[in-house]
2 protein chains.
Amino acid sequence: MIREKYARLAYHRFPRTTAQYLGHGVANAALLDEGFPDFHPPPLPQEDPYCLEDAPPNLGYLVCMRGGILFVYDNKQMLERQEPHSLPYPDLETYTVDMSHILALITDGPTKTYCHRRLNFLESKFSLHEMLNEMSEFKELKSNPHRDFYNVRKVDTHIHAAACMNQKHLLRFIKHTYQTEPDRTVAEKLGQKVTLRQVFDSLHMDPYDLTVDSLDVHAGRQTFHRFDKFNSKYNPVGASELRDLYLKTENYLGGEYFARMVKEVARELEESKYQYSEPRLSIYGRSPQEWQNLARWFIQHKVYSPNMRWIIQVPRIYDIFRSKKLLPSFGKMLENIFLPLFKATINPQDHRELHLFLKYVTGFDSVDDESKHSDHMFSEKSPSPDIWTSEQNPPYSYYLYYMYANIMVLNNLRRERGLSTFLFRPHCGEAGSITHLVSAFLTADNISHGLLLKKSPVLQYLYYLAQIPIAMSPLSNNSLFLEYSKNPLREFLHKGLHVSLSTDDPMQFHYTKEALMEEYAIAAQVWKLSTCDLCEIARNSVLQSGLSHQEKQKFLGQNYCKEGPEGNDIRKTNVAQIRMAFRYETLCNELSFLSDAMKSEEITALNN
Amino acid sequence: MIREKYARLAYHRFPRTTAQYLGHGVANAALLDEGFPDFHPPPLPQEDPYCLEDAPPNLGYLVCMRGGILFVYDNKQMLERQEPHSLPYPDLETYTVDMSHILALITDGPTKTYCHRRLNFLESKFSLHEMLNEMSEFKELKSNPHRDFYNVRKVDTHIHAAACMNQKHLLRFIKHTYQTEPDRTVAEKLGQKVTLRQVFDSLHMDPYDLTVDSLDVHAGRQTFHRFDKFNSKYNPVGASELRDLYLKTENYLGGEYFARMVKEVARELEESKYQYSEPRLSIYGRSPQEWQNLARWFIQHKVYSPNMRWIIQVPRIYDIFRSKKLLPSFGKMLENIFLPLFKATINPQDHRELHLFLKYVTGFDSVDDESKHSDHMFSEKSPSPDIWTSEQNPPYSYYLYYMYANIMVLNNLRRERGLSTFLFRPHCGEAGSITHLVSAFLTADNISHGLLLKKSPVLQYLYYLAQIPIAMSPLSNNSLFLEYSKNPLREFLHKGLHVSLSTDDPMQFHYTKEALMEEYAIAAQVWKLSTCDLCEIARNSVLQSGLSHQEKQKFLGQNYCKEGPEGNDIRKTNVAQIRMAFRYETLCNELSFLSDAMKSEEITALNN
């Protein structure tokens, strides 16, 4: 119920079945649907994806940050009176109470036992299902015409744009630019213009000799449990100049090289036809200009692709900016990240480029090394972002709350105007404390990684009941935090958690040209997944993605919003109805157990 | 020494280093080189690969089978006098003595302990090498210009032609033929001509609806330890008609469809530039016509590709042919397999097609389910092939000996004429008895699989000392006999066995378009192999392949025949010299241990 509250507030998704068992009557079904997130449908083939014309008028609202959260005011008078526009605003006090409630729950002995047992039961139940129905499932798939694992839609639900190309692709691109335009000015250093040739001369290298070995962007054994080493792999040949030149949206060339590579990746996706991807682009919050620049980069280089939808990742590196005196406080960082979005939402006509770009942005991610320890415990008494001026980095939970809070207000404002909303999809549970998973349980629509659910039966069971989507990247984990064979993906899938497969960083982790297929192939081989398993994962990936309602209908079937076998169109998903029925029955069974217990408790309470 | 004897006799390879430690002085180096196998270099670009002109004249020799082995006679008189042409002929008595010697050795307690300890030592030594030199190796590779894992040559050393295409490829091809030529006559049944449409009508299916699921050629969990089920996966949609039509060289269309698919696979290899493959085509031994038909298929459909070299696989299914009364005895089967080759070697002018085809054939394979038990123990007293008329199948060791014996005589005959020789490269140690590995130790140049070396320290150590190449296919094993994580490839590689990676059956096992890359990628990911490891495996694969001397010089370096770092050209192989030196030193160290022990034993014997 706690998660449901936060999900509804932010237009995040919450499964109907679970909601119904939690006590809402069927009468509320319409209301449930209203809470669905809203993604902009892709432009029609005859439409110009870069058309700046259709910007709605200025509402004239004012925005002001208070305590790290942006408040919207109808006009100056209301601002002076501190009477914000009627939108839901988050309340830190309630939030911390809710947090501590869940924290208490996950350490409660009997609850742990209960959840542990239910999870074991779920796993055994699936094994039984598999033994009994494996052949029937496959028979269903065999008699399903024209659809197989290769032509079901798959979305790469977690991939960083700066590493979305394969290492070989980057290498080829670097060589190509050097061959075709060595004398082009590509940077400015201390007022001096620098050509591509000069860049490589200063690095004492001839790109002709460059190999994937000397490029050295691939993660290896050296990166295991060394996120710092992994991060430095983003620098080709170890040179940050090349990262700036080839993998950034802001540089002397206006990010042209990066845009060209991303577009090459997009063309490959379009050719493959059935693969989609949700690359993450960075907004750092150093300056309020970043959004404008990013939108311009997107439009100027025509980066739109029907097979890509964009996510904005915000690295948790306030401490670095603060120590370099680029930011006075954490509040300023939040303002730099969110204020431009509020402005573009209130007055799209004066922010046409950003308004346009936001049509293709479907969510936010929070990224960095989760294993970094933080001394600060987030609570009601924590300094609010505007007075968080220390050089210390706020903890994970603090970041998540303030990201969520602002996205939530923004989504409500945008919904009011009929604009698309955003999902919060942070990295969570890759490493570090399991409390991260508690924060995300309240604030996130879905998460990336979720490995640490392994360590908390209560959280794992809650993530199951709430069917929280988890984008897993076992090859990434294998290089960074957890060996492939120990990855819980298979176990999670068996129990019925809503998992998808994603690549994270093809540049660092993958060997072949088709990174997502490599990810599926390895999972299928190592864990001996059946076609039905693979297609279930693929279906999950489309569901958890930011693809629009129209696209999901096309890819999953007209009724994809419905849960259970009703919502599955085997002709499009190639998931056996037997499997869907099993999942649905199993979930209903778990939920009815709980709701029966709740009811009998209520009766006991009444009787007493 | 025993292996060396059999290797020399058959023009198989034997490592110089090992030979030298076994007692040959350096003076014999020239002699050692003479024993090298001889593969026909590929035609030059301006040459016609199908040119039938250059056939050498008829020698007029006669050939006659005696005791399952083909003997060559200079003329009729010599045949009558039973005085064969001066070639080495195998001697079963010596062979069985040698076999029993090795069999005694592998069960000898102290020998087992010694080998077990040395193997443990080899593994630990490599770990130490890795810890100390991993970064230096990588540094060497980084400073090696223009060569990386992607552009070192790799040979798929074990792949069956009938499964060399990906399942999706086969599916697309079937659909394409149906779309473009549904009314073509593709078969004849009881004298009736049958069109493609009729074939599918009789199967009650529309190829438009066909999917990889309904095609059902992919191995899954159901094939584990079920070689029979795996074999039936060769039938698309479970229909042997389609196997005959699409995956056979002999049918109404003269194997046209199969040839077209193989050529499509070849084009992809040529485009990838760095990948080569050695597909296996079947000769069953049912009739003496098979060779002629196969050669004609090859030439008529122009199947030659510079990136493919061919191996002939002989299925061990005499029992099936015998029970169908297609063969009177096992000897007849051997005759059907080998006599045409002797004839084409003696009189190429009258067998121009086969003579040409044999230029591109580099070896023989013996294939079938090794886990089938046999009641018969091969010994001197076993009935010879001409009187093996029972319906029982001869055991593995019997097959191997007679295959080897005939190949050996054939190679000597061909060598005398300056024609290319063949390698015997049987499947061995995939399952069943470890004695198979003893047979192969004597008779094979190299083997496919070798999993069971895991179970015999003595054999494993012998395979190490003799550096017997092993083409391993962990993805195939994963679906059939051994889970991926339990595959000994990594361990064998560490110890210094001469392993390569191969795909076996891309149609059944692989998911992506690039099966060999998938194989390498999964091994790299699951076992965290370094670039140097991968390049060492790739180098091994070229060495153990049937590519010609000229090609090997081009792909591995001028001195590739030399062992140790001298023989390695890092600019071509991307294998660090540190690694090469480590391997060479380690092998020399093991060998000198043994040769010292031998010497001191000799001295003790003298003193006594």
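Chain A is annotated in an unreviewed UniProt entry as AMP deaminase 3 of Heterocephalus glaber. You can read under Catalytic activity (unreviewed entry) in the UniProt record for chain A the words "AMP + H2O + H(+) = IMP + NH4(+)". Under the UniProt heading Function (unreviewed entry), the entry covering chain A gives this text: "AMP deaminase plays a critical role in energy metabolism."

Undergrad: I would appreciate a short explanation of the pattern of salt bridges in the present structure.
TA: Residues and elements named next belong to chain A. Taken as a whole and assessed by the stated rule, the structure comprises 66 salt bridges over all chains. The residue Glu-4 makes a salt bridge to Arg-8 at a minimum N-O spacing of 3.1 Å. Of this pair, Glu-4 and Arg-8 are both found in helix H1 (residues 2–9), four residues apart, which corresponds to roughly one turn of the helix. The structure contains a network of salt bridges with shared partners spanning Glu-137, Asp-533, Glu-536, Arg-579 and Arg-583.

Undergrad: Sorry, what's going on with the relation of the copies chain A and chain B here?
TA: Turning one copy of the chain about an axis and sliding it along that axis gives the other copy, so a rotation and a shift relate them. When chain A is fitted to chain B, the residual RMSD is 0.0 Å, and the transformation amounts to a turn of 180° plus an axial shift of 0.0 Å. Here the two chains are linked by the operation of a two-fold rotation axis. Identified as the residue of chain A closest to the rotation axis by C-alpha distance is A:Ile522, at 3.1 Å.

Undergrad: What should I look at first to understand the confidence of the model for chain A in this one?
TA: As a note on interpretation, predicted positions should not be read in detail where pLDDT is low. The predicted model of chain A averages 94 in pLDDT, with 98% of residues at 70 or higher. Reported for the predicted complex are a pTM of 0.94 and an ipTM of 0.91.

Undergrad: Sorry, what's going on with the sheet that holds strand S12 (residues 470–472) of chain A here?
TA: Paired through their backbone hydrogen bonds, the strands of a sheet run either parallel or antiparallel. All names here are of chain A. Taken together, four strands build an open sheet; the order of strands is S10-S11-S12-S13 and the sheet is parallel. With partners counted over all chains shown, the strands left at the sheet margins are strand S10 (427–428) and strand S13 (499–501), one partner each. Here S12 runs beside S13; their pairing, made up of three bridges, is parallel. Residue pairing for S13: Ile-470 is matched across the bridge by Val-499.

Undergrad: Looking at this structure, how should I read the interface of chain A and chain B?
TA: Interface size is commonly expressed as the accessible surface area that is lost when the partners come together. Contacts between chain A and chain B engage 52 residues on the former and 51 residues on the latter. Interface area for chain A against chain B, summed over the two sides, is near 4300 Å², with a carbon-plus-sulfur share of 52%. It is A:Arg221, A:Tyr511 and A:Gln525 that lose the most area in chain A upon contact with chain B, and together they represent 19% of the buried surface on that side. Between A:Glu130 and B:Arg221 there is a salt bridge; the shortest N-O distance is 2.8 Å. Taken together, chain A and chain B are joined by 30 residue pairs in polar contact (both at pLDDT 80 or more). Of all the secondary structure elements, the ones that give two or more residues to the side of chain A that touches chain B are helix H6 (109–142), helix H7 (167–180), helix H9 (212–215), helix H20 (474–480), helix H23 (515–527) and helix H24 (531–544) of chain A. In terms of residue count, the dominant contributor to the side of chain A that touches chain B is H23(A) (seven residues). Among the residues making up the side of chain A that touches chain B, the classes are represented as 21 nonpolar, 14 polar and 17 charged.

Undergrad: Before we go on, may I ask you to explain the side chain of A:Asp98 in this structure?
TA: Considering the arrangement of structural elements, one finds A:Asp98 in helix H5 (residues 92–107). When neighbours within four sequence positions are excluded, A:Asp98 is seen to be in contact with A:Ile2, A:Lys5, A:Tyr6 and A:Leu442.

Undergrad: It is not clear to me how the pairing of strand S6 (residues 275–282) of chain A should be interpreted in this structure. Could you clarify?
TA: Each regular strand shows side chains that alternate between the opposite faces of the sheet. All names here are of chain A. With seven of eight residues buried, S6 is to be regarded as a mostly interior element. By the bridge criterion, five bridges tie strand S3 (residues 154–160) to S6 in an arrangement that is parallel. Bridging from a neighbouring strand, Val-155 pairs with Tyr-276 of S6. Taken together, S6, helix H13 (residues 290–300) and strand S7 (residues 310–315) constitute a β-α-β crossover, and its handedness is right-handed.

Undergrad: In this structure, what is going on with unusual backbone geometry? I would like to understand it.
TA: In terms of backbone geometry, most residues other than glycine have negative phi values and most peptide bonds are trans. The phi dihedral of A:Asn574 is positive, around 60°, even though this residue is not glycine. For A:Asn574, the position within the fold is in the loop between helix H26 (570–573) and helix H27 (577–607). Positive phi, close to 90°, is recorded for B:His449, a residue that is not glycine. Inspection of the secondary structure assignment puts B:His449 in strand S11 (residues 447–449).

Undergrad: Explain the packing of aromatic side chains to me, please; I cannot follow it from the model alone.
TA: Both the distance between ring centres and the angle between the ring planes are used here to describe each pair of aromatic rings. All told, the structure shown has 82 aromatic pairs over all chains when counted by the stated rule. With 4.5 Å between their ring centres and 15° between their planes, A:Phe71 and A:Tyr89 make a pair best called stacked. Of this pair, A:Phe71 sits in strand S2 (residues 69–73) while A:Tyr89 sits in the loop between helix H4 (76–80) and H5; the two residues are 18 residues apart in sequence, bridging distant segments of the chain. Classification of A:Phe71 as buried rests on a relative accessible area of 10%. On the accessibility criterion, A:Tyr89 (19% relative accessible area) is buried. Plain terms: the ring middles of B:Phe330 and B:Tyr398 are 5.5 Å apart, the flat faces sit at 55° to each other, and that makes the pair tilted. Remark: B:Tyr398 occurs in helix H17 (residues 396–417) and B:Phe330 occurs in helix H15 (residues 330–346); sequence separation between them is 68 residues. Across the pair, exposure class does not vary: B:Phe330 and B:Tyr398 are buried alike. By way of ring pairs, the aromatic residues A:Tyr6, A:Tyr95, A:Tyr318, A:Phe330, A:Phe378, A:Trp388, A:Tyr398, A:Tyr399, A:Tyr401, A:Tyr402 and A:Tyr404 are connected into one cluster. Stacked on the ring of B:Phe224, the Lys or Arg A:Lys528 has its end atom at 3.6 Å from the ring centre.

Undergrad: Honestly, the packing of helix H5 (residues 92–107) of chain B against helix H18 (residues 435–443) of chain B in this entry has me stumped. Any pointers?
TA: Axis angle and axis distance: for two packed helices, these are the angle between their axes and the distance between the axes, and together they describe the pair. Residues and elements named next belong to chain B. Relative orientation of the contacting elements H5 and H18 amounts to 130°, with a least axis distance of 10 Å. Accordingly, the angle class assigned to the pair H5 and H18 is oblique. Read as a crossing pair, H5 and H18 show a hand that is right-handed. Along the contact surface, H5 presents Tyr-95, Asp-98, Met-99, Ile-102, Leu-103 and Ile-106, while H18 presents Thr-435, Val-438, Ser-439, Phe-441, Leu-442 and Thr-443. Residue composition of the contact of H5 with H18, grouped by class: eight nonpolar, three polar and one charged.

Rules used in this analysis
Residues numbered from 1 in each chain as written. Chains lettered and ligands numbered in written order. Predicted model: local features only at pLDDT ≥ 70, side-chain atom pairs only at ≥ 80, totals over all residues. Heavy atoms only, no water. UniProt positions renumbered as here; feature names shortened; annotations may be inferred. Salt bridge = Lys/Arg side-chain N within 4 Å of Asp/Glu carboxyl O. Helix = DSSP H or I, 4+ residues; strand = E, 2+ residues; numbered from the N terminus. Least-squares fit on C-alpha atoms with pLDDT ≥ 70 in both. pLDDT = per-residue confidence, 0-100. Pairing = 2+ DSSP bridges. Contact = heavy atoms within 4.5 Å. Buried area = accessible area lost by both parts, 1.4 Å probe. Polar contact = N/O pair within 3.5 Å; in protein donor to acceptor, adjacent residues only side chain to side chain. Nonpolar A, V, L, I, M, F, W, Y, C, P; charged D, E, K, R; others polar. Buried < 20%, exposed > 50% of the residue type's maximum accessible area, 1.4 Å probe, protein only. Right-handed = clockwise from strand over helix to strand, strands pointing away. Phe/Tyr/Trp six-rings, centres within 6.5 Å; stacked < 30°, edge-to-face > 60°. Lys NZ or Arg CZ within 6 Å of the ring centre and 35° of its normal. Axes fitted to C-alpha atoms, helices over the stretch in contact; angles between N-to-C directions. Parallel < 35°, antiparallel > 145°, perpendicular 65-115°, else oblique. Left-handed = near helix turned anticlockwise from the far one by under 90°.

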